[in-house]
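Listed here are the chains, written in short residue letters.
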Amino acid sequence: MYVDHLLNDESLGLRLLWAEEPQLRQEISGVTATDLEDPARFVRPGEVVLSGLVWWSREDGADRAERFVSALSTAGAAVLLAGEETHGAVPDDLVTACRRHGLPVAAVPAHIMFRAITDTVYLRQWGELSRLQALPGAVRGRLNRLLAREEGPAAVVEAAFAHLGRVRAYVLTASGRTVAATEGADPVPAHEAAALVEGAAGVTVPVDCETVSPYERWYLHLPEADDAPPRMLREVAEVLARCQESQARRGAAEQQAADELGALLALPAGAELPSLQAALRVRGLEGEGLHRVIVAEAAAAGSGSADRTGVAVPAEGALAEAVAHLDPAHAVVGRLPDGTAFAVLREGAQDPTPGTAAARGRGARSGKGAEDGTRDTGGPGRRTATAGRSATGAASDLPAVWALLSAAEPAVALHGGTGRADSAEGLNGALAQARYALASARTTSPEASALIDAASLTGLGTLLTGIPAEVRTAFSRTVLGPLFEAGNASFAALLETLEIFLACDGSWSRTAEALHLHVNTVHYRVQRVEHFTGRDLSSLYDRLDLRAALLCRPRRPARP
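Criteria and cut-off values
- Residues numbered from 1 in each chain as written.
- Predicted model: local features only at pLDDT ≥ 70, side-chain atom pairs only at ≥ 80, totals over all residues.
- Heavy atoms only, no water.
- Helix = DSSP H or I, 4+ residues; strand = E, 2+ residues; numbered from the N terminus.
- Buried < 20%, exposed > 50% of the residue type's maximum accessible area, 1.4 Å probe, protein only.
- Contact = heavy atoms within 4.5 Å.
- Salt bridge = Lys/Arg side-chain N within 4 Å of Asp/Glu carboxyl O.
- Pairing = 2+ DSSP bridges.
- Axes fitted to C-alpha atoms, helices over the stretch in contact; angles between N-to-C directions.
- Patch = residues over 30% accessible without salt bridge, like charges linked within 9 Å, V, L, I, M, F, W, Y side chains within 5 Å.
- Areas by Shrake-Rupley, 256 points an atom, 1.4 Å probe, with all protein chains shown as cover.
- Parallel < 35°, antiparallel > 145°, perpendicular 65-115°, else oblique.
- Core = buried A, V, L, I, M, F, W, Y, C linked by side-chain atoms within 4.5 Å.

## Considerations on the environment of Ile117
No. 1: Tracing the backbone through its elements, the reader meets Ile117 in helix α4 (residues 114-132).
No. 2: On the basis of relative accessible area, Ile117 is assigned to the buried category, the value being 0%.
No. 3: On a C-alpha basis, the gap between Ile117 and Asp9 in space is 9.8 Å, while along the polypeptide they are 108 residues apart.
No. 4: In this structure Ile117 touches Leu6, Leu12, Leu14, Leu50, Leu81, Val108 and Ile112, once residues within four positions along its chain are discounted.

Okay, structure coming up:
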C-alpha cells in the first residue's frame, strides 16, 4: 500500500495539504498514533503518523511544529495525517514545517476516527500478507482461535513461530520485562531486555495497542533478524495488539473493584475495617505479614503537571508495570478518590492456588490456560509455569524496577512513595506514610524520577521534605523573620553565620575558623540573629526551630 492509495480513499475524506509527487509513491509500512512532542523513538521508517495535535499551541506553535516534524523526518515517516478536531484546522505552522522537511501532510476531518484509518491500512496490508503468505493459513487460523478464547501472549507467540522451528522470540516492555517468550528462549535480565527494545541487537517491532500506557506497551523482539521476514513480524505484532487490547478490556472490568479498595484505604484508620478486610480477602491480600502501599504521580520533567502531550501522564500504568515486574500474584493497582495511582502488595506469602493469579485491578490481565500448558499470570501477560511463587524480596527490587521505568520514559518525572503495614489494620496508616513519602520525592527531585520509602525519612532534613511547600515556606518565614528575605548582603551574612554555627554544634571557635572570622565577630552576628528572630541560640529547642526554618526555605534558582 502506498501513500497515494490512502489519500485517495474517499471513505476517509483526507485532504492533502502538501506533498511532492515522488513522495506519494512511498510504500506504507504501518501506522503510529502519537501526540508526543518528540515522537522519534516510537516511529518506524515508512509509517503513517496520526496526530490529534494536542501538543501544539498558538503561543509557540512554530517551534513546537518544527520539533515535531523534524522528529518524524528523522525517523523516516511516510506521511503525517493531522486531525482537525482539536484546533478546528491544521495550523499553518505545521504545514510550513512539513514543507521544509519534505514530509507529506494531510488533514483528517473531525468526524473521522483514527481507528478507521488504522483499520484501512492494516486490512489492506493483511490482504497483501495473505497473498504473500507471510503466515501460513493454518497458523493464522490457529492465532484467530487463540484470540477468540482470550488466550495470553505466551500462547500467541508460541503458535506464531512454531512452524519455523526453534525460533527465539520475546514479547518485552520498554522497561525490560519479559511478558512472554517462545519455548527454549533464554531468560533475559530486565536491563538487557530494555536495551534490546531500544534496538541494541536483533529486530524489534512495536505492538500498537492504543488502550495501554507507554510503560505497558509491548514489543516483539527476535535476537536474529533473519529468523522471520519483516511482514510476518508485523502481522504477529498485530495479533499481539489484539491480544493486549483484549487483556486491557478484562482488566478494566475489575478496575471499579480496585478503586473501591482505594476509597477504603483513604478513610481514617480503623474506619470500615470489616469492609476493608473483605475487599482484601477477595483480592488475595488478607492476612498477617508485611503489606506495602505504593502511590505514584507522573509529569513531564520540569512541568509538574502534564507529559509531553499536554495530558495526564499515566502513573497508574507505571505502577501496573512495576507490580508486574515484582509480584503481581499478590497485588492490586487502582486509583484513590483524588485520582492518585496506588498499589498494594502483600509480601512473604505463597499463591493460594497453584497457577492462579491473584492480582486485581489494572494489573490483572491474565490469560486463560494456553494450548502449550502454560499460563499468562499476574499483570499484562506475565507468563509463569510454576506454582506457589514467593513474594519475599519483592520490595528490595522496587528501587531497581523504578530505575528501569524512569529510563523507559526519560522525559517523564515519575515520583513514588511507599509505606508499610504488618496487617490490614495498618493499611490506612501505610497509605498516609506513602503519601508523605511521595510529597518528599516531589520536593527532593522535582524534575526527575524518584522513589522514596517513608522508612528512609530518618533525619530532620528528610522528614521536612514531606510537608507541603506552602507550609514549609510559611514556617520558615515566621521563624526567620526579616532574615527570610535575605535580599541584602548583611542579612545574607547573618544567615550564613547561623547555618555554620548550627552545623558546628554551637562552637564559637569552629564557626569562626570555618568562616575565617574573629570569634568576636561570630558573637556579634549570632546576637544579631537572635535579635531579628527573637530566639535564644543557647536553647536547644530554639536551635532546632532555626535549623528547621533553614531547611524549609524555598530553593532559589542558581544564578546563571
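## Side note on the pattern of salt bridges
No. 1: Inspection of every chain in the model, using the stated rule, returns 25 salt bridges.
No. 2: Linking Glu151 and Arg149 is a salt bridge whose minimum nitrogen-to-oxygen distance equals 3.4 Å.
No. 3: Each of Glu37, Asp60, Arg64 and Arg67 takes part in one network of salt bridges that share partners.

## Observations regarding the sheet that holds strand β7 (residues 178-181)
No. 1: Strand order in this open sheet of four strands is β7-β6-β9-β8, and the pairing throughout is antiparallel. With one partner strand each, in any of the chains shown, β7 and β8 (203-206) form the two edges of the open sheet. With strand direction ignored, the average angle separating the axes of adjacent strands in the sheet is 25°.
No. 2: The pairing of strand β6 (residues 170-173) with β7 spans three bridges and is classified as antiparallel. Bridge pairing in β7 links Val171 to Ala180.

## Observations regarding a nonpolar patch on the surface
No. 1: Among the surface-exposed residues, Leu460, Leu540, Tyr541, Leu544 and Leu551 lie close enough to one another that they form a single nonpolar patch of about 500 Å² accessible area.
No. 2: Top element by residues in the nonpolar patch is helix α19 (residues 540-551). It accounts for four residues.
No. 3: Mapped onto the elements, Tyr541 comes out in helix α19.

## Topic: the packing of helix α16 (residues 489-503) against helix α18 (residues 519-533)
No. 1: Here α16 crosses α18 at 105°, and the two axes come no closer than 9 Å. Here α16 is positioned roughly perpendicular relative to α18, judged by the angle of their axes. Where α16 approaches α18, its residues Phe491, Ala493, Leu494, Thr497, Leu498 and Phe501 are matched on the opposing element by Arg525, Val526, Arg528, Val529 and Phe532.

## Considering the pairing of strand β9 (residues 218-222)
No. 1: Within β9, five of the five residues are buried, which leaves the element mostly enclosed by the surrounding structure.
No. 2: Here β9 shows a buried face lined by Trp218, Leu220 and Leu222 and a second buried face lined by Tyr219 and His221.
No. 3: When β6 meets β9, the two strands line up antiparallel, connected through four bridges. Bridging across to β9, Tyr170 finds its partner in His221.
No. 4: Here β8 pairs with β9 via four bridges, running antiparallel. If you follow Pro206 over to β9, its bridge partner there is Tyr219.

## Structural notes on the sheet that holds strand β3 (residues 47-51)
Across a sheet, strands are paired by hydrogen bonds formed along the backbone, either parallel or antiparallel in direction.
No. 1: Sheet architecture is open: five strands sit in the order β1-β5-β4-β3-β2, paired in mixed fashion. Of all the strands in the sheet, just β1 (15-18) and β2 (30-33) have a single pairing partner and so form its edges. For this sheet, the mean inter-axis angle between neighbouring strands, taken without regard to orientation, is 25°.
No. 2: Pairing geometry for β3 and strand β4 (residues 79-83), over four bridges, is parallel. Of the residues in β4, the one forming a bridge with Val49 is Leu80.
No. 3: Packing of helix α3 (residues 92-101) onto the sheet brings it into contact with β1, β4 and β5 (105-108), and relative to β1 it is tilted by some 65°.

## With respect to the nonpolar core
No. 1: Counting residues in each nonpolar core, the largest one holds 31 residues, and the members touching the most others are Leu143, Phe161, Leu220, Leu222, Val236 and Leu240.
No. 2: Only α5 (137-148), α6 (153-161), β7, β9 and α8 (230-253) provide two or more residues apiece to this core.
No. 3: Look past the residues within four positions of Leu220 in its chain and what remains in contact with it is Val157, Phe161, Tyr170, Val203, Thr204, Val205, Val207, Leu233, Val236, Ala237 and Leu240.

## Examining the environment of Arg58
No. 1: Here Arg58 is to be found in the loop between β3 and α2 (61-75).
No. 2: Put simply, Arg58 and His87 are 29 residues apart on the chain and 9.8 Å apart in space, counted from C-alpha to C-alpha.

Remember, this is a structural readout, not a statement about activity or role.
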